[in-house]
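Understanding the architecture of this molecule
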Amino acid sequence: MATIIDDARRVFWQMGTCSRTFFYLMNREFGNESEIDEQAADPLAGGILAKGHQCGMLWGAVLAAGREANRRYADESEAVATAIAASEQIAANFAEYAGEIDCRAITRTNFANPISMAAFLLLKTRSCFDLAAEWAPEAADTLREALEPSVTDAPLSCATTLLKRIGADREEAVSVAGLAGGIGLSGSGCGALGAAVWKGSKTWCRENPTKLAFKNRFAKNLVKAFKKETGAKLSCREICGRSFETPEEHAEFIRSFGCSAILDFLARSLQEEMV
């Protein structure tokens, strides 16, 4: 019997961004629904406001994985650990399908360049719709397996740590857990930044429920300020000065205050937005 997954192209067209599309698709696959949460994922399209980092399909799928992990596991630590493990598996699976995980590498497009952007719209947009249609069933299968109770350790997530610091509810905090280390410890676009963009954008979405949230005021201002704070660094690997091979390595880095300045900055930015 056909499911919503089989209609990924149409959903993509309706949603407008790859990140929102895959949050929506994977949510529905697991019987979940959260329109505001899904809308707030818009700014993650194109690798965080089209900066070229992780493909928005991956951001959306990982957020949905975290949401489902939160629903399945009563113990918060187990839910966080499962969400992080699932993000590693979904990132690896996506890389097999797309060849890369970063938007710029996949599309060969610099969205900051008007000519490159125009060429994408004219010649390459269909390739993203094709990738969405091909990967959606595989993404759903991968997440069904990845979210089974197979993780006993309980590592920290930088993204979860950030949202808990500013008083987010458990569902939000666990939803972003898999963004740790740049999604699946990939070292790409900062997971804590992605979590902050998503959480802060929800305020805008509540006020504009029918609009595309991509490049909303909060998201644009936050990314601009973040680049100033980090010397134009957006990737986890550049910011931390290292990569993480295991969730435990990432957890120890957070425990040792390795990202304390970044988390402090993002927490202040979110608290100012939520006042």
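Residues numbered from 1 in each chain as written. Predicted model: local features only at pLDDT ≥ 70, side-chain atom pairs only at ≥ 80, totals over all residues. Heavy atoms only, no water.

1. Thoughts on the confidence of the model for the protein
Should pLDDT be low for a region, the predicted coordinates there are not to be read in detail. Of the residues in the protein, 95% have a pLDDT of 70 or more, and the chain-wide mean is 92. The secondary structure element of the protein with the lowest average pLDDT is helix 7 (residues 114–146), at 85, and the one with the highest is helix 9 (residues 170–175), at 98. (pLDDT = per-residue confidence, 0-100. Helix = DSSP H or I, 4+ residues; strand = E, 2+ residues; numbered from the N terminus.)

2. Quick look at the packing of aromatic side chains
A complete count under the given rule lists six aromatic pairs for this structure. A centroid spacing of 6.4 Å and a plane angle of 50 degrees characterise the contact between Trp-13 and Phe-129, whose relative ring orientation is tilted. With a gap of 116 residues between them, Trp-13 in helix 1 (residues 8–15) and Phe-129 in helix 7 connect regions that are remote in the sequence. Look at Phe-226 and Phe-265: their rings are 6.3 Å apart centre to centre, the planes differ by 50 degrees, and that puts the pair in the tilted class. Of this pair, Phe-226 sits in helix 11 (residues 217–230) while Phe-265 sits in helix 14 (residues 260–274), and the two are 39 residues apart along the sequence. Judged by relative accessible area, Phe-226 falls into the buried class, the value being 0%. On the basis of relative accessibility, which here comes to 9%, the residue Phe-265 falls in the buried class. Put simply, the rings of Phe-12, Trp-13 and Phe-129 pair up and form one aromatic cluster. (Phe/Tyr/Trp six-rings, centres within 6.5 Å; stacked < 30°, edge-to-face > 60°. Buried < 20%, exposed > 50% of the residue type's maximum accessible area, 1.4 Å probe, protein only.)

3. So, helix 1
For an α-helix the count is 3.6 residues per turn, leaving residues at separations of three or four pointing the same way. Of the residues making up helix 1, those classed as buried are Ala-8, Val-11, Phe-12 and Met-15. Down the axis of helix 1, the buried side of the element spans an arc of 100 degrees, and every buried residue falls inside it. Residues of helix 1 that are exposed and angled more than 90 degrees away from the buried face: Trp-13 and Gln-14. Looking one or two residues beyond helix 1, the residue adopting positive phi is Gly-16, at roughly 95 degrees. (Arc of directions from axis to C-beta.)

4. Quick look at a positive patch on the surface
There is a patch of like positive charges on the surface, built from Lys-51, Lys-215, Lys-220 and Lys-227. Along the polypeptide, Lys-220 turns up in helix 11. (Patch = residues over 30% accessible without salt bridge, like charges linked within 9 Å, V, L, I, M, F, W, Y side chains within 5 Å. Areas by Shrake-Rupley, 256 points an atom, 1.4 Å probe, with all protein chains shown as cover. Salt bridge = Lys/Arg side-chain N within 4 Å of Asp/Glu carboxyl O. Lys, Arg positive; Asp, Glu negative; His and termini not counted. Charge placed at Lys NZ, Arg CZ, Asp CG, Glu CD.)

5. Focus: the nonpolar core
In terms of nonpolar packing, the biggest core is built from 95 residues, with Met-26, Met-57, Trp-135 and Leu-266 touching the most fellow members. For Met-57, the residues in contact, after removing those within four places along its chain, are Phe-12, Cys-18, Ser-19, Phe-22, Phe-94, Cys-128, Leu-131, Ala-132 and Trp-135. (Core = buried A, V, L, I, M, F, W, Y, C linked by side-chain atoms within 4.5 Å. Contact = heavy atoms within 4.5 Å.)

6. Thoughts on the layout of surface pockets
To find leftover empty space, one rolls a probe the size of a water molecule over the atoms. By volume, the largest pocket amounts to about 750 Å³. Lining the largest pocket are 34 residues; nearest its centre among them are Gly-46, Ala-50, Phe-111, Met-117 and Phe-214. Elements represented by at least two residues in the lining of the largest pocket include exactly helix 1, helix 4 (56–72), helix 6 (103–107), helix 7 and helix 11. Here the lining of the largest pocket takes seven residues from helix 7, the largest share from any one element. Among the residues making up the lining of the largest pocket, the classes are represented as 21 nonpolar, seven polar and six charged. (1 Å grid on protein atoms, 1.4 Å probe; cavity = no way out; pocket = protein on both sides within 12 Å on 5 of 7 lines; lining within 4 Å. Points joined across faces, edges and corners; volume = space filled by probe spheres on them. Nonpolar A, V, L, I, M, F, W, Y, C, P; charged D, E, K, R; others polar.)

7. A short note on the environment of Arg-126
Inspection of the secondary structure puts Arg-126 in helix 7. Sequence separation between Arg-126 and Cys-240 is 114 residues; the distance between their C-alpha atoms is 36 Å.

8. A word on empty space enclosed by the protein
Inspection of every chain in the model, using the stated rule, returns one cavity of 30 Å³ or more. Lining the largest cavity we find Cys-158, Cys-190, Gly-191, Ala-192, Cys-236, Ile-239, Cys-240, Phe-244, His-250, Ile-254, Cys-259 and Ile-262. Looking at the lining of the largest cavity, the elements with two or more residues in it are helix 10 (191–207), helix 12 (236–240) and helix 13 (247–255). No other element matches helix 12, which puts three residues into the lining of the largest cavity. The residue inventory of the lining of the largest cavity, partitioned by class, reads 10 nonpolar, two polar and no charged.

9. Quick look at helix 5 (residues 76–98)
Helix length check: helix 5 (23 residues) gives 32 Å between terminal C-alpha atoms against 33 Å at 1.5 Å per residue, within 8%. Sitting at the head of helix 5, Asp-75 places a side-chain oxygen 3.2 Å from the backbone nitrogen of Ser-77. Gly-99 lies just past helix 5 and shows a positive phi near 85 degrees. (Expected span 1.5 Å × (residues − 1). Polar contact = N/O pair within 3.5 Å; in protein donor to acceptor, adjacent residues only side chain to side chain.)

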